[in-house]
Amino acid sequence: MDIRCPRCGCEAAPAGHEDARAYYQCPKCNRVWATTLASLAGTDGPRSRRGSIRVLVVDDSNELTGLIAAWLEDEGYAVVTATSGREALDAASVYYPDIVLLDLIMPPPDGFAVCAALRSSLPPQVILMTGLSDAEHVRRALDLGVVSLLRKPLTREAVVDAITVAAERCQRDPLSKLRWHFGMHPRA
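Described in the following lines is the structure provided in the data block. A quick note: this is a predicted structure, and the numbers were derived from the prediction, not measured.

**Regarding the sheet that holds strand 7 (residues 125–130)**
Two orientations exist for strands paired in a sheet by backbone hydrogen bonds: parallel and antiparallel.
(1) Moving on: Pairing in this open sheet of five strands is parallel, and the strands run 5-4-6-7-8 from one edge to the other. The sheet is open, and its two edges are formed by strand 5 (78–82) and strand 8 (148–151), each paired on a single side. Across the sheet, the axes of successive neighbouring strands diverge by a mean angle of 20 degrees, strand direction being ignored.
(2) Moving on: Summarising the sheet, strand 7 and strand 8 pair through four bridges and their orientation is parallel. Residue pairing in the sheet places Thr-130 in a bridge with Arg-151 of strand 8.
(3) Moving on: Against the sheet, helix 7 (residues 156–172) touches strand 4 (54–58), strand 6 (99–103), strand 7 and strand 8, its axis set at about 160 degrees to strand 7.

**Let's talk about the nonpolar core**
(1) Moving on: Counting 31 residues, the largest nonpolar core has Trp-33, Leu-56, Val-58, Leu-102 and Leu-128 as its most contacted members.
(2) Moving on: Residue assignment for this core shows that the elements contributing at least two residues are strand 2 (21–25), strand 4, strand 5, helix 4 (85–95), strand 6, helix 5 (111–118), strand 7 and helix 6 (135–142).
(3) Moving on: At six residues, helix 4 tops the list of elements feeding residues into this core.
(4) Moving on: Listed in part, the 23 residues of the second largest apolar core include Ile-68, Leu-72, Ile-163 and Ala-166.

**A short note on the pattern of salt bridges**
Note that side chains of opposite charge can pair when their charged atoms are close.
(1) Moving on: In this structure the tally under the stated criterion is seven salt bridges.
(2) Moving on: Between Arg-86 and Asp-90 there is a salt bridge; the shortest N-O distance is 3.2 Å. One end of the pair is Arg-86 and the other is Asp-90, both in helix 4 and four residues apart, which spans about a single turn.
(3) Moving on: Judged by its relative accessible area of 45%, Arg-86 is partly exposed.
(4) Moving on: With a relative accessible area of 7%, Asp-90 lands in the buried category.
(5) Moving on: In this structure, the salt-bridge partner of Lys-152 is Asp-103, at a minimum N-O distance of 3.3 Å. Of this pair, Lys-152 sits in the loop between strand 8 and helix 7 while Asp-103 sits in strand 6; the two residues are 49 residues apart in sequence, bridging distant segments of the chain.
(6) Moving on: Judged by relative accessible area, Lys-152 falls into the partly exposed class, the value being 28%.
(7) Moving on: Classification of Asp-103 as buried rests on a relative accessible area of 3%.
(8) Moving on: If you follow the salt bridges from partner to partner, you end up with Asp-59, Asp-103 and Lys-152 in one network.

Quick notes on the rules
- Along every chain, residues carry numbers that run from 1 in the direction the sequence is written.
- In keeping with the model being predicted, local features are shown solely for residues with a pLDDT of at least 70 and side-chain atom pairs are shown and tallied solely at 80 or more, while totals for entire chains, interfaces and linings include all residues.
- To get the side-chain values, all heavy atoms of the structure are used, and hydrogens and water are removed first.
- In this analysis, strands are considered paired if DSSP registers two or more bridges between them.
- Strands are runs of DSSP state E lasting at least two residues, helices are runs of H or I lasting at least four, and both sets are numbered from the N terminus onward.
- Between the N-to-C directions of two axes lies an angle of 0 to 180 degrees, each axis being a line fitted to C-alpha atoms and, for a helix, fitted only over the stretch in contact.
- Should any heavy atoms of two residues lie within 4.5 Å, those residues are considered in contact.
- Definition of nonpolar core: a set of buried residues of the types Ala, Val, Leu, Ile, Met, Phe, Trp, Tyr and Cys, connected through side-chain atoms within 4.5 Å.
- The classification of residues rests on relative accessible area computed with a 1.4 Å probe and restricted to protein chains. Under 20% of the type maximum is buried, over 50% is exposed, and intermediate values are partly exposed.
- Salt bridge, as applied in this entry: a Lys or Arg side-chain nitrogen positioned within 4 Å of an Asp or Glu carboxyl oxygen.

Such coordinate-based values are descriptive only and should not be taken to indicate function.
Written out as structure tokens, the structure reads:
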């Protein structure tokens, strides 16, 4: 399997594995990142269609991204995580996620800017997460045409329900086959 760095596209070297996660390191830029072992393995059975749907989870809290990733992996989705706007854009440019679960407030660029940038090529279905409740942020988020706006603290049911709606949209989306193709053959 050809694993490439989300930042520079260079072929990555395995750096180990632990707790159902594989770690890779880029020999060019020295970036280290993790992906789930389940997302690297093919799946068969009733969840195999979900396993072909890639979800990018973005939040500046490692604990929250890990928790959401575990929930979605239990449901059979392939999950990649990022903890900043820059990491999210890097990962999206390599893995072409079908769905992005994105926090609004995080290290630059923020969720609004990331969402706008994702719309520029093979746009994924976007679900926004926020702890903010002011009307201006909510209006601005909904103007981006997202699937859903989830309020923190999150529940497993709310996340899985929103991802299910987004996954159904993906199955009707003519661009989903292109995202799948490019995600299976990452850019060099």
